[in-house]
Amino acid sequence: MDYETRAGDRPERFLRGSLAWPVGGVILNEQHNRQAPIMRFTPQQAEGRVRIDAPLPDTQRGRDAATMIRDGTFTGLSVEFRAVRASSRGGLREVEAAQLVAAALVDIPSYPTSRVEVRDKRTGRRRGWL
């Protein structure tokens, strides 16, 4: 997710550096369903964005997730967060500080740059998502 980008479905944006997460990482699930966890991951912050680049697990749920990304069922990522500090400016909610508590593979992401992809492990590149 790119910071400073407005959501496509609501008047909201995250200010640069506003997201934090626990040292042990957070859970990735399907469509925000806490009953459908895929894995635990630790995001990275760089160049004005939060990025997830991790191998999907070799489990039934991980393989299914890879298949659904490849076939276009899941096209993006969505963050689950608890706002710590936010303000409103001209009707736009600006998240200044928030705790990332989970992320989800989704069919339509709220933020247009939150896309997901699977990379082929046979080429030496890791399976993962952005």
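Residues numbered from 1 in each chain as written. Predicted model: local features only at pLDDT ≥ 70, side-chain atom pairs only at ≥ 80, totals over all residues. Heavy atoms only, no water.

Visitor: Help me out: how do you make sense of helix α1 (residues 60–70) in this one?
Guide: For an α-helix the count is 3.6 residues per turn, leaving residues at separations of three or four pointing the same way. Taken as a whole, α1 has its buried residues at Gly62, Ala65, Ala66 and Ile69. Buried residues of α1, viewed axially, fall in a sector of 100 degrees; they line one side. Taken from the residues just after α1, glycine 72 is the one with a positive phi, measuring 90 degrees. (Buried < 20%, exposed > 50% of the residue type's maximum accessible area, 1.4 Å probe, protein only. Helix = DSSP H or I, 4+ residues; strand = E, 2+ residues; numbered from the N terminus. Arc of directions from axis to C-beta.)

Visitor: Teacher, can you tell me more about the pairing of strand β7 (residues 76–89) here?
Guide: Moving residue by residue along a regular strand, the side chains alternate between the two faces of the sheet. Bridge count between β7 and strand β8 (residues 92–106): 13 bridges; the pairing is antiparallel. Bridging across to β8, serine 87 finds its partner in glutamate 94. The antiparallel pairing of β7 with β8 creates a hairpin that spans 2 residues between the two strands, and glycine 90 there sits at a positive phi of about 60 degrees. (Pairing = 2+ DSSP bridges.)

Visitor: What is the right way to look at the environment of aspartate 120 in this model?
Guide: In this structure, aspartate 120 sits in the segment after β8. Linking aspartate 120 and isoleucine 108, residues 12 residues apart in sequence, is a C-alpha distance of 23 Å.

Visitor: What's the story with the packing of aromatic side chains in this structure? I'm lost.
Guide: Two descriptors summarise a pair of aromatic rings, namely the distance from one centre to the other and the angle between the planes of the rings. Throughout the structure, instances matching the rule amount to 2 aromatic pairs. Residues phenylalanine 14 and phenylalanine 81 carry aromatic rings whose centres are separated by 4.8 Å and whose planes lie at 75 degrees to one another, so their mutual orientation is edge-to-face. With phenylalanine 14 in strand β1 (residues 12–14) and phenylalanine 81 in strand β7, this pair connects stretches of sequence that are 67 residues apart. Through pairs of rings, three or more aromatic residues link up here, namely Phe14, Phe81 and Tyr111. (Phe/Tyr/Trp six-rings, centres within 6.5 Å; stacked < 30°, edge-to-face > 60°.)

Visitor: Is there a simple way to explain empty space enclosed by the protein in this structure?
Guide: A probe matching the size of a water molecule, rolled over the atoms, marks out where space remains unfilled. Counting across every chain of the model gives 2 cavities of 30 Å³ or more. In this structure, the largest cavity encloses a volume near 140 Å³. Forming the walls of the largest cavity are 12 residues, and the residues nearest its centre are Met1, Ile52, Leu77, Val79 and Ser114. Roughly 30 Å³ of internal volume is contained in the second largest cavity. The wall of the second largest cavity is formed by Arg10, Phe14, Ser78, Val79, Phe81, Ser110 and Tyr111. The dominant element in the lining of the second largest cavity, judged by the number of residues it contributes, is β7, at 3 residues. (1 Å grid on protein atoms, 1.4 Å probe; cavity = no way out; pocket = protein on both sides within 12 Å on 5 of 7 lines; lining within 4 Å. Points joined across faces, edges and corners; volume = space filled by probe spheres on them.)

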